[in-house]
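Summary of structural features
Single-letter residue listing:
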Amino acid sequence: MNELNLYRCLVFTSLLVLFSSSIAAKEAGSPGWTEASEKLGRVLFCQRIYKRPEVRPRLYSFDIEHCEKARLYMTDVMSKYSIQEQADLEKQAEQHATQLSRNTAEPYHSVSACRTFCQALAEIQDTLND
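Now for a description of the structure that goes with this document. (Residues numbered from 1 in each chain as written. Predicted model: local features only at pLDDT ≥ 70, side-chain atom pairs only at ≥ 80, totals over all residues. Heavy atoms only, no water.)

Digging into the nonpolar core
Threshold: What makes a nonpolar core is a set of buried Ala, Val, Leu, Ile, Met, Phe, Trp, Tyr and Cys residues whose side-chain atoms join them at distances within 4.5 Å. Relative accessibility decides the category of a residue: with a 1.4 Å probe and only protein chains considered, values under 20% of the type maximum give buried, values over 50% give exposed, and everything between is partly exposed. A helix here means a DSSP run of H or I that spans at least four residues, while a strand means a run of E at least two residues long, and both kinds are numbered starting from the N terminus.
Within the largest apolar cluster, 27 residues are counted, with the highest numbers of intra-cluster contacts made by Phe-45, Tyr-50, Met-74 and Leu-121. Broken down by element, the residue count for this core peaks at eight residues, all from helix α2 (residues 33–50).

Here's what the structure looks like:
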C-alpha cells in the first residue's frame, strides 16, 4: 500500500512540475512548434479530465472557462501555420494528451496543475484581447 501511495505522489508531483514549467509564456513571442504542441496537448488533456464525473466535484466554476480560453489562445497560436501544419500540430497535441492520460494514475490528481496551467494561458488570451 505504501508503494502505491508513493507512486501516486510521484505521478502527481511530476505532473505538477510538467504543467507549471514553461508557464512563463507572457513573453512577447508566441511558442514554437514543439512548445505549441505540448501546450495544446495539455489543454486537451485538461478539457478531457474536466468532463470526468469523478473530477467534476473538484472543479470551481471558472476552471472550465479558463480551459476554454486556453484553447482559444492555442487556436490563435496555431493560426500562424498552414492548414496542413495545423492538422499535424493537432495530431501531435492529441498524442501528447493521450500520453499524459496514460501517465496519470488518477485524473483528479491533475486538477490543480490543470487549473494553474489553463489560468496562465487564459490570462495571456485576455491580455491579447485587450
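Structural notes on the packing of α2 against helix α5 (residues 111–129)
Cut-off, in case you're wondering: Axis geometry follows a simple rule: fit a line to the C-alpha atoms, using only the stretch in contact for helices, then measure angles between N-to-C directions, giving values from 0 to 180 degrees. Angular relationships are summarised with four words: roughly parallel below 35 degrees, roughly antiparallel beyond 145, roughly perpendicular across 65 to 115, and oblique for the angles in between. Handedness of a helix crossing follows the sense of rotation of the near helix relative to the far helix, less than a right angle counterclockwise being left-handed and clockwise being right-handed. Contact definition: two residues touch when any of their heavy atoms are within 4.5 Å. For this classification, Asp, Glu, Lys and Arg are treated as charged, while Ala, Val, Leu, Ile, Met, Phe, Trp, Tyr, Cys and Pro are nonpolar and the rest, including Gly, are polar.
The interhelical angle for the contact between α2 and α5, taken along N-to-C directions, is 125 degrees, at an axis separation of 10 Å. With respect to their mutual orientation, α2 and α5 come out oblique. The element α2 and its partner α5 pack so that their crossing is left-handed. Residue-level contacts link Lys-39, Arg-42, Val-43, Phe-45, Cys-46, Ile-49 and Tyr-50 of α2 to Val-111, Cys-114, Arg-115, Phe-117, Cys-118 and Leu-121 of α5. Classifying every residue of the contact of α2 with α5 by side-chain character gives ten nonpolar, no polar and three charged.

Focus: the pattern of salt bridges
What counts here: Counted as salt bridges are all cases of a side-chain nitrogen of Lys or Arg within 4 Å of a carboxyl oxygen of Asp or Glu.
The full count for this structure, using the stated rule, is eight salt bridges. Note that Arg-48 and Glu-94 form a salt bridge whose closest N and O atoms lie 2.4 Å from each other. Taken together, the residues span a long stretch of sequence, with Arg-48 in helix α2 and Glu-94 in helix α4 (residues 83–102) at a distance of 46 residues. According to the relative accessible area criterion, Arg-48 is partly exposed, its value standing at 34%. Note on Glu-94: relative accessible area 32%, which makes it partly exposed. In this structure, the salt-bridge partner of Asp-63 is Arg-115, at a minimum N-O distance of 2.9 Å. One end of the pair, Asp-63, is in helix α3 (residues 61–78); the other, Arg-115, is in helix α5, and 52 residues separate them in sequence. Linked by salt bridges that have partners in common, Glu-65, Lys-69 and Asp-126 make up one network.

Focus: α5
Test applied: What a helix should span is 1.5 Å times the count of its residues minus one.
For α5, built from 19 residues, the straight-helix expectation of 27 Å at 1.5 Å per residue is met to within 8% by its first-to-last C-alpha distance of 26 Å. Buried residues of α5: Val-111, Ala-113, Cys-114, Arg-115, Phe-117, Cys-118, Ala-120, Leu-121, Ala-122, Ile-124 and Gln-125, and no others.

Some thoughts on the state of the cysteines
Applied cut-off: Any two cysteine sulfur atoms within 2.5 Å of one another count as a disulfide.
Enumeration according to the criterion identifies one disulfide in this entry. There is a disulfide in this structure between Cys-46 and Cys-114, and the S-S distance comes to 2.2 Å. Taking the torsion about the sulfur-sulfur bond, which here is approximately -90 degrees, the covalent link between Cys-46 and Cys-114 counts as left-handed. Highlighted residues: Cys-46 in helix α2 and Cys-114 in helix α5, separated in sequence by 68 residues. There is no split in this pair, since Cys-46 and Cys-114 are both buried.

Thoughts on the packing of aromatic side chains
To be explicit about the condition: We call Phe, Tyr and Trp rings a pair once their centres come within 6.5 Å, taking the six-membered ring for Trp, and we label the pair stacked below 30 degrees between planes, edge-to-face above 60, and tilted otherwise.
By the definition in use, this model includes two aromatic pairs. When the centroid spacing of 5.1 Å and the interplanar angle of 85 degrees are considered together, the rings of Trp-33 and Tyr-81 count as edge-to-face. In this pair, Trp-33 is assigned in helix α2 and Tyr-81 in the loop between α3 and α4, connecting sequence segments 48 residues apart. Both rings, one in Tyr-60 and one in Phe-62, keep their centres 5.4 Å apart while their planes meet at 15 degrees; by these two values the pair is stacked. With a relative accessible area of 33%, Phe-62 lands in the partly exposed category.

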